[in-house]
Amino acid sequence: MLATFEMAALEAGKAILEVYRAGYAVALKQDMSPVTLADERAEHIILEHLARDFPDVPAIAEESVSAGKIPDIRGRPFFLVDPLDGTREFIEHRDEFTVNIAYIVNGIPVAGIVYAPALGIAFTGEPGKARKLIVDEHFAVADRLTIAVRERPAKMTALASRCHSNEKTESFLTGNPISACTSIGSSLKFCLLAEGKADVYPRFARTMEWDTAAGDAVLRAAGGVTVTTEGDLLTYGKTNQSEDCDFANPSFVCWGGKKNSLHA
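Reading the values: the criteria
Residues numbered from 1 in each chain as written. Predicted model: local features only at pLDDT ≥ 70, side-chain atom pairs only at ≥ 80, totals over all residues. Heavy atoms only, no water. Phe/Tyr/Trp six-rings, centres within 6.5 Å; stacked < 30°, edge-to-face > 60°. Helix = DSSP H or I, 4+ residues; strand = E, 2+ residues; numbered from the N terminus. Buried < 20%, exposed > 50% of the residue type's maximum accessible area, 1.4 Å probe, protein only. Expected span 1.5 Å × (residues − 1). Arc of directions from axis to C-beta. Polar contact = N/O pair within 3.5 Å; in protein donor to acceptor, adjacent residues only side chain to side chain. UniProt positions renumbered as here; feature names shortened; annotations may be inferred. Contact = heavy atoms within 4.5 Å. Pairing = 2+ DSSP bridges. Axes fitted to C-alpha atoms, helices over the stretch in contact; angles between N-to-C directions.

A closer look at the packing of aromatic side chains
Right, so step 1: In the structure shown here, the tally under the stated rule is 12 aromatic pairs.
Right, so step 2: Ring plane angle 85° and centroid distance 5.8 Å describe the contact between Tyr201 and Phe252, whose orientation is recorded as edge-to-face. You can see Tyr201 sitting in strand E12 (residues 200-203) and its partner Phe252 sitting in strand E14 (residues 252-255), a full 51 residues away along the chain.
Right, so step 3: For Tyr201, a relative accessible area of 3% translates into the label buried.
Right, so step 4: What links up through ring pairs into an aromatic cluster is the set Phe5, Phe54, Phe79 and Tyr103.

Shown next as structure tokens:
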């Protein structure tokens, strides 16, 4: 399955970079979030790969959901696809945007890939194994490095969203033993935790499941964890929610180390 994810992500990333370098128009979806031709092209490529190799597995993909195409995933494994996470970074010409594909079983992201085409790196996760991929200018994988979370130090390094910080995030950062905080866009925050470059990522602003699933799969494979503010594992396939729409996430905290104390 990861071989399919890799081929789909690399092809989608190539299409995204073609748009990125050529210039593009930006439209607004019904929820007023931005979308570009790159989002649409990348999602089409990814869904073609998934449908060809896994025709019986439904896919929940961001742009398809926006268009009202939502397959029934109740009681079934399914894919979560965000063809271009960090659209704002893409629009502002920052290279942190990513391609995200994840496989969900019983609410858990068991496999995933996060590919940052403008940075030439990707991250994959499957049970017990997380890797960082070095991608060359021909969109081929030049190297594969095993990665893992680091032991949590007494003074932690935190990651925060570049565009979605708020008062609760600031409260978390001041209420925990954190010596430094780096702001970065997209699902790369999960991957920096997974490769041991930071320790915690609090998120108290809204996300959707396709935003987080692939990065979460990488993080869990590397030995980390993503929990809600109540301390429960973040799960996927959340439908018929009384307080939010289908596939919306609650607030959560990602931890790189094994200790999961939380002062939200």
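Things to note about helix H2 (residues 37-53)
Right, so step 1: Given a rise of 1.5 Å per residue, 17 residues ought to cover 24 Å, and the 25 Å separating the end C-alpha atoms of H2 matches this to within 8%.
Right, so step 2: Within the sequence span of H2, burial applies to Ala38, Asp39, Ala42, Glu43, Ile45, Ile46, His49 and Leu50. Around the axis of H2, the buried residues are gathered within 165° of arc, so they sit on the same side.
Right, so step 3: Capping the start of H2, Thr36 holds a side-chain oxygen 3.1 Å from the backbone nitrogen of Ala38, two or three residues further along.

What about the UniProt feature "binding site: substrate" (unreviewed entry) in the protein?
Right, so step 1: The feature "binding site: substrate" (unreviewed entry), as given by UniProt, occupies Glu62, Leu84, Asp85, Gly86, Thr87 and Asp211 in the numbering adopted here. Across 150 residues, the annotated set stays spatially compact, with a maximum C-alpha separation of 12.5 Å.
Right, so step 2: Secondary-structure assignment places Leu84 in strand E4 (residues 78-85).
Right, so step 3: Of the residues examined, Leu84 reaches a relative accessible area of 1% and is grouped as buried.
Right, so step 4: In this structure Leu84 touches Ile16, Thr36, Ala38, Asp39, Phe90, Phe97 and Thr98, once residues within four positions along its chain are discounted.
Right, so step 5: Owing to a relative accessible area of 10%, Gly86 belongs among the buried residues under this scheme.
Right, so step 6: In this structure, Gly86 is in contact with Phe97 and Ser186, ignoring residues within four places of it in sequence.

A closer look at the sheet that holds strand E8 (residues 129-135)
Right, so step 1: Sheet architecture is open: seven strands sit in the order E3-E4-E5-E6-E7-E8-E9, paired in mixed fashion. Among the strands making up the open sheet, the edge pair consists of strand E3 (59-61) and strand E9 (141-146). Within the sheet, the average angular offset between the axes of one strand and its neighbour, ignoring direction, is 15°.
Right, so step 2: Where E8 and E9 come together, five bridges link them in antiparallel fashion. The residue bridging Leu133 from the neighbouring strand is Arg144, located in E9.
Right, so step 3: H2 contacts E3, E4 and strand E5 (98-105) of the sheet and is inclined by roughly 155° relative to E4.

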